[in-house]
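Geometric and topological summary
In case you want the letters, here they are:
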Amino acid sequence: MAKQNNGAVLGFEKHLWLAADALRSNMDAAEYKHVVLGLIFLKYISDAFEEHHTRLAAEQSQGADPEDKDEYRAVNVFWVPQEARWSVLKANAKQSEIGRLVDDALIAIERDNPTLKGVLPKEYARPALDKQRLGQLIDLVSNIGLGDEASRSKDVLGRVYEYFLSQFASAEGKKGGQFYTPRHVVRLLVEMLAPYKGRVYDPCCGSGGMFVQSAEFVQAHRTGNGNGSKAVAGVSVFGQESNPTTWRLAKMNLAIRGIDGNLGIENADSFHRDLHPDLKADYVLANPPFNDSNWGGDRLRDDKRWLYGTPPASNANFAWVQHFIHHLAPTGMAGFVLANGSMSSNQSGEGEIRKKIIEADLVDCMIALPGQLFYSTQIPVCLWFLTREKRNGRFRDRRSETLFIDARKLGALVDRVHRELTDEDIEMIAGTYHAWRGDKDVDTAYEDVAGFCKSASVDEIRHQGHILTPGRYVGAAEVEDDGEAFEEKMSRLTSELRNQMEESERLDKLIWANLEKIGYGH
C-alpha cells in the first residue's frame, strides 16, 4: 500500500486488516488484538512526535528545542524518547530481539507520559509471539501514515482503529461484544441524545466508543445548535470498565483521539466499586452486558441505588437501569441498550421495578431494533431513553408522554449474519424523536405513523400492563389501497388459483407418464 494513498483509497482499512490477520497464525484473536492495536497506537504517537520534532528542528535558530518535552506537551503531542521512536523499531524489525525492543519502547513511553501509565500492552517479548511475524507486522504498519497532520485531517487512525476493533469483535464472537458496540448503534444513541456539552458517563465503557462518538458529534456540530464554537472541550468524559485489558483499550482509544477522559486509575466493577460515586451526569450512554446473571447482586440487597426496587440477583438489567438513574443530574438524560426482555419481563420483581420507573415519568422513548446488529448476540435488542425532567425548558413539556418507535424492519444486511442501520435509518429515527420532543432547531411537526411510531400516554401504558414493547403501541402499518373492488379481486384470485391447480394437475400427470416409460410408474 503506497503511503501517498493513505485515507484516499476507499476500503484500505479492509486490505490492511486482511494483511494483518494473515500474520496472526494460530494466535487467538483476543490476544492478537492487543499486539496489533498496540503497534498502531505506537505508530500514531511516533508519527505525531516526528512531525513536530521536524518542525522544532527547523525553528532552532528562533529558540525552539526539539528535545524539550514541554515543547510537545504544549501542543498535546506525546513525548517519544529516542529508543521508542518508530524509526528505531522499523530498522530492527528483522532482528530476533524485536519483541524486547517494542516492550522497552512502550515502557519508556509510559515512563515519560504519566497519563499512559499502566495502559500500553507490554508483552511483545513473550516466547509465544512469533518474532518473524511481529517484524512483518511492523513493516506493514510502517506503510501507513497515522499521526501526521495530513493523516489526522483524514482521520486515518480513527478509521483503522475503529475497523480493527469491529473486526476483532467479529472474530471473537460473543466475547467481542464485551468491548465493542457497533458504531452505527452508538451513533444512533448519540444522535438521539445530542450531547453538545456537559458530562457524559458510561459505567461499562468497553473500548470507549460512546465517548468517541460523543466527541465526534460535538466536533461535527461545533458551529451551531447552541454549542457556540467549542469542539471536544464541550464534553467531559467519565467512565469505568471492569475488564483490565478492555480498560486499557479504552484508555488508548481516548488517548489517540486527544480526548481527556476520567476512566479511573484502574479497572473496576461499577456495581461493587463505583469510581465516580458523587457524579451527576448530563448524559448517560451505555451498552451493559445483556441479562448478566453473575453480577453479585446478592451482596447488594440494600444498596441506595435501588430506589425503584431491588433487582434480582439472577439478572442485572434493572440494576444497570437504576445505576444509570442514580448518576443522572436533575435535568440529565440517559440512552442505553438492553435485551428485549427488559420491556416486558415480570420475573423476579422486574415488572414492578419497570412499573415504578414508568409511574415516576422517567421513560421518554423506547425503540425496538432489528436483530443481527451485534457481534455478541443475534437476539434483537432495544434502546431505552430516560429523562429526569420532561419539563426542563430545553424541549417541550412531555410530562405523562412516551414515544414508541418500532425500527425492527430497518437496517441492511452487510453479510449473511450481520445487519447495520443505514445513515437514512439513523436520521429518520433520531429526527422523529427530535420532532416529538420539540427540539428548537427542528421545523418538522411530529405525527404518529402506523407501524412505526406512536406517542402514548401513561394511561395507555397502564392499560398495557406497564409493558414497553413498541409493537403494542404503534399498530400495523397501513396497507395502500390498490383501488380494486373486493368482489372483483376475489373473482380474479379465485380464477388464478383454479388455473394454477389445473396446471399443477397437468404437470403431475406428465411426470408420472415419464416415470412409467423408464419403469418407475404406478
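Look up a bit, the structure's there.
Everything numeric here is computed off the predicted structure, so don't read it as measured data. (Residues numbered from 1 in each chain as written. Predicted model: local features only at pLDDT ≥ 70, side-chain atom pairs only at ≥ 80, totals over all residues. Heavy atoms only, no water.)

Attention now goes to the overall build of the protein chain. Looking only at helices and strands, one finds 17 helices and eleven strands in the protein chain. Restricting to contacts in the protein chain with at least 6 residues of sequence separation, those with at least 24 account for 71%. Taken as a whole, the protein chain presents about 24700 Å² of accessible surface, with 49% of it coming from carbon and sulfur. (Helix = DSSP H or I, 4+ residues; strand = E, 2+ residues; numbered from the N terminus. Contact = heavy atoms within 4.5 Å. Areas by Shrake-Rupley, 256 points an atom, 1.4 Å probe, with all protein chains shown as cover.)

Before going further, it helps to examine unusual backbone geometry. Of note in the backbone geometry, Ala-194 takes a positive phi value of approximately 50 degrees without being a glycine. Positionally, Ala-194 belongs in the loop between α9 (183–193) and β1 (198–202).

In space, the nine strands of this open sheet follow the order β3-β2-β1-β4-β5-β7-β6-β8-β11, with mixed pairing throughout. Edge positions in the open sheet fall to β3 (261–262) and β11 (453–457), since each of these has one partner strand only. The sheet contact formed by strand β4 (residues 281–286) and strand β5 (residues 328–339) spans five bridges and is parallel. Pairing of Ala-286 across the sheet is with Phe-336, part of β5. Set on the sheet, α9 makes contact with β4, β5, β6 (363–368) and β7 (381–387); between it and β5 the angle comes to about 155 degrees. (Pairing = 2+ DSSP bridges. Axes fitted to C-alpha atoms, helices over the stretch in contact; angles between N-to-C directions.)

The next point concerns the state of the cysteines. According to the stated counting rule, one finds zero disulfides in the structure shown. Free of any disulfide, Cys-205 has its nearest neighbouring cysteine sulfur in Cys-204, separated by 7.9 Å. Relative accessible area serves as the criterion here: at 5%, Cys-205 is assigned to the buried category. Of the cysteine sulfurs around Cys-453, a residue in no disulfide, the closest is that of Cys-365, at 9.5 Å. (Disulfide = S-S within 2.5 Å. Buried < 20%, exposed > 50% of the residue type's maximum accessible area, 1.4 Å probe, protein only.)

Applying the stated criterion across every chain, the model contains 14 aromatic pairs. Ring geometry for Phe-49 against Tyr-72: centres 4.6 Å apart, planes inclined by 25 degrees, an arrangement best described as stacked. Of this pair, Phe-49 sits in helix α2 (residues 29–58) while Tyr-72 sits in helix α3 (residues 69–73), and the two are 23 residues apart along the sequence. A relative accessible area of 0% places Tyr-72 in the buried class. Relative to Phe-336, the ring of Phe-324 has its centre 4.8 Å away and its plane inclined at 50 degrees; by these criteria the two rings are tilted. Of this pair, Phe-324 sits in helix α12 (residues 317–326) while Phe-336 sits in strand β5; the two residues are twelve residues apart in sequence, bridging distant segments of the chain. A connected cluster of aromatic rings, assembled from ring pairs, spans Phe-271, Trp-295, Trp-306, Phe-318, Trp-320, Phe-324, Phe-336 and Trp-384. It is Arg-396 that lies over the ring of Trp-436; its NZ or CZ is 5.1 Å from the centre. Geometry around Phe-395 places Arg-437 over its ring, the cationic atom sitting 4.0 Å from the centre. (Phe/Tyr/Trp six-rings, centres within 6.5 Å; stacked < 30°, edge-to-face > 60°. Lys NZ or Arg CZ within 6 Å of the ring centre and 35° of its normal.)

On the secondary structure map, Lys-131 appears in helix α6 (residues 131–142). It turns out Lys-131 is buried and unbridged, and the closest side chain with the opposite charge, Asp-130, is 7.3 Å from it. Among the polar contacts listed, one links the side chain of Lys-131 to the backbone oxygen of Arg-126, at a separation of 2.7 Å. Here Leu-129 takes part through its backbone oxygen, which lies 2.6 Å from a polar atom of the side chain of Lys-131. (Lys, Arg positive; Asp, Glu negative; His and termini not counted. Salt bridge = Lys/Arg side-chain N within 4 Å of Asp/Glu carboxyl O. Polar contact = N/O pair within 3.5 Å; in protein donor to acceptor, adjacent residues only side chain to side chain.)

Tracing the backbone shows Pro-289 in the loop between β4 and α12. For the pair Pro-289 and Val-337, spaced 48 residues apart in the sequence, the C-alpha separation amounts to 9.1 Å. Here Pro-289 is in contact with Asn-317 and Trp-320, once residues within four sequence places are set aside.

So, on to the pairing of β6. Burial within β6 is extensive, with six of its six residues counted as buried. Summarising the sheet, β6 and strand β8 (residues 401–406) pair through four bridges and their orientation is parallel. Its bridge partner being in β8, Ala-368 is matched across the sheet by Asp-406.

This paragraph deals with helix α11 (residues 244–255). In an α-helix, one turn spans 3.6 residues, which is why side chains three or four residues apart end up on the same side. The end-to-end C-alpha separation of α11 is 17 Å, in line with the 16 Å expected for twelve residues at 1.5 Å each. Across the twelve residues of α11, nine count as buried, placing the element largely inside the fold. Of the residues that open α11, the one with a side-chain oxygen 3.0 Å from the backbone nitrogen of Thr-246 is Asn-243. (Expected span 1.5 Å × (residues − 1).)

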